[in-house]
Amino acid sequence: MVNKAFEAAWQDACNDIGPRSRLTIPVVQSFLVVPITFQGPCNSPILHFQLLGTIVAPEDPNSWSDCESGAWLKFSDVNGLFIDGSGMIDGRGNAWWTKSSTYINEEYRCTVPPSALHFENCNGLHLRELKHRDSPRNHIGVSGCNDVIIAYLDIAAPASSPNTDGIDVARSTQVRIQESVIRTGDDCIAINSGSSQINITGVYCGPGHGISIGSLGMDGEYSTVEGVYVRKCNFSGTQNGARIKTWQGGSGYAKDIIFEDIYLHNVNNPILIDQYYCADNNNCPKESGAVNISNISYKLFQGTSSSRTAINFDCSNNVPCLGLSLDQINITSTVNGEDTIAYCNNAYGTSYITTPSASCLLH
Ligand SMILES: *[C@@H]1O[C@H](CO)[C@@H](O)[C@H](O)[C@H]1NC(C)=O
Ligand SMILES: *[C@@H]1O[C@H](CO)[C@@H](O)[C@H](O)[C@H]1NC(C)=O
Ligand SMILES: *[C@@H]1O[C@H](CO)[C@@H](O)[C@H](O)[C@H]1NC(C)=O
Ligand SMILES: *[C@@H]1O[C@H](CO)[C@@H](O)[C@H](O)[C@H]1NC(C)=O
Ligand SMILES: *[C@@H]1O[C@H](CO)[C@@H](O)[C@H](O)[C@H]1NC(C)=O
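Since the structure is predicted, the reported quantities are computational estimates derived from the model, not experimental observations.

## Digging into the state of the cysteines
Next, step 1: Following the criterion strictly, the structure yields five disulfides and no others.
Next, step 2: The partner cysteine of Cys315 in its disulfide is Cys321, sulfur to sulfur 1.9 Å. Around the S-S axis, the bridge from Cys315 to Cys321 shows a dihedral of about -100 degrees and counts as left-handed. Note on accessibility: Cys315 and Cys321 belong to one class, buried.
Next, step 3: Two residues, Cys344 and Cys360, share a disulfide whose sulfurs are 2.0 Å apart. Since a negative S-S torsion denotes a left-handed disulfide, the Cys344-Cys360 link at about 45 degrees is right-handed. In this pair, Cys344 sits in strand S27 (residues 341-345) while Cys360 sits in the segment after strand S28 (347-355), placing the two residues 16 residues apart along the sequence.
Next, step 4: When its relative accessible area of 16% is taken as the criterion, Cys344 is described as buried.

## What about the nonpolar core?
Next, step 1: Ranked by size, the top nonpolar core spans 91 residues in total, and within it Phe119, Tyr298 and Phe313 carry the most contacts.
Next, step 2: Considering each element in turn, this core owes the most residues, six residues, to strand S22 (residues 251-267).

## What about the packing of aromatic side chains?
Next, step 1: Enumeration over the complete set of coordinates arrives at 13 aromatic pairs.
Next, step 2: Ring geometry for Phe75 versus Phe119: centroids 5.4 Å apart, planes at 15 degrees, classification stacked. One end of the pair, Phe75, is in strand S6 (residues 71-76); the other, Phe119, is in strand S9 (residues 115-120), and 44 residues separate them in sequence.
Next, step 3: Centre to centre, the rings of Tyr298 and Phe301 are 6.0 Å apart; their planes meet at 65 degrees, and the pair counts as edge-to-face.
Next, step 4: Look at Phe301 and you get buried, because its relative accessible area is 2%.
Next, step 5: Cluster of aromatic residues (ring-pair linked, three or more members): Trp10, Phe38, Phe49, Phe75 and Phe119.
Next, step 6: For the cation-ring pair, Arg20 lies above Phe82, with the distance from its terminal atom to the ring centre recorded as 5.8 Å.
Next, step 7: For Arg231, the ring lying beneath its charged end belongs to Tyr229, and the centroid distance is 5.1 Å.

## Regarding unusual backbone geometry
Next, step 1: Going from Gly206 to Pro207, the amide bond is cis rather than trans, its omega being 0 degrees.
Next, step 2: Assignment of secondary structure puts Pro207 in the loop between strand S18 (195-205) and strand S19 (211-216).
Next, step 3: Note the cis peptide between Gly214 and Ser215, where omega equals 20 degrees.
Next, step 4: Within the secondary structure layout, Ser215 lies in strand S19.
Next, step 5: Although it is not a glycine, Asp134 adopts a positive phi angle of roughly 45 degrees.

Here is what the cut-offs are and how they apply
- Residues numbered from 1 in each chain as written.
- Chains lettered and ligands numbered in written order.
- Predicted model: local features only at pLDDT ≥ 70, side-chain atom pairs only at ≥ 80, totals over all residues.
- Heavy atoms only, no water.
- Disulfide = S-S within 2.5 Å.
- Buried < 20%, exposed > 50% of the residue type's maximum accessible area, 1.4 Å probe, protein only.
- Helix = DSSP H or I, 4+ residues; strand = E, 2+ residues; numbered from the N terminus.
- Core = buried A, V, L, I, M, F, W, Y, C linked by side-chain atoms within 4.5 Å.
- Phe/Tyr/Trp six-rings, centres within 6.5 Å; stacked < 30°, edge-to-face > 60°.
- Lys NZ or Arg CZ within 6 Å of the ring centre and 35° of its normal.

Following this line, the structure appears as structure tokens:
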């Protein structure tokens, strides 16, 4: 275990008053690290964290000494952080994924699996090139961060691993996620409440649950997401493609969202708005409020659906979806000779050159 060495190196880099400080994790070996927080603010305007080797988490959840922060590797209040390198972050989440390993160590607050890597209040964050493997929970979390570029990542966990989202964004603005490959057991990317001006370009997703806005409005929450632009993404064998999910009883809005130039191969729900989201279908009660969904556009989709309902707009009875737009959509069935359909419930919008026909949209 090398936490002491990591902490010392971090302190040196963080205290460095030069214009650009640097911390390099060398390639020589793999480093077993227990939960650690890299705390800012730091002195230099740019802190370059270069990962060349492999960082691994303890394999047995019972030997995690602390889960208080909710994350294994956490960066907090560090502005101008550049993380890159050919290295790997291996969360060794396997034992966490099986409930039988009874979570676990109440003493150390390890009652739910932790995220592998989390950034909290890190403005001007750049994260590039790294490989991320087998997180106990989501691989990367970004919250309260503005001006973020995430690029050239390779994220992978088994299709069956629970809650292993690739990248989760919340309470952040001006975020770019680009040119990355994400194979996982849950959402490849999830955009959560408080997020705006998010661009996602050139992401390959599969296996996984697609690129999701939400879930929003859980437990009656006021949630907002606006200005999301998802473009040139490829979904292969995923549960969903472009998904927006909200709980009944929430409030707030999701608006001004574009999905464009999307390639689909064998996707179960290529286009989905679900305003009746209910995790694990746990008998969620009927509620009247809903997160208001408006101005959502889907443009240039090509590919195949493994379910018949390729387009599914299941909107709230009380707060309908407004301003949905479908433009040059061509989603055929994975199965030769089968057709696909669109389903709408309280969905207002327009469509242009769309297969399947979306004549169910209200005007
Ligand atoms: C997102 O893309 C749009 C259109 O290309 C661009 O105007 C905007 O500046 C981009 N925003 C970010 C955060 O990259
Ligand atoms: C999407 O990914 C699949 C599977 O790797 C590949 O065959 C296909 O060419 C890709 N499509 C595009 C448009 O990038
Ligand atoms: C719809 O969203 C787009 C993309 O964010 C934005 O440019 C446009 O102004 C919005 N339209 C309306 C009517 O709000
Ligand atoms: C939902 O938002 C749209 C766009 O801002 C607005 O026109 C509409 O009135 C809102 N619906 C409700 C029920 O508040
Ligand atoms: C729609 O996709 C199918 C299957 O990929 C293809 O055969 C067909 O030509 C496409 N139609 C249009 C209008 O692009």
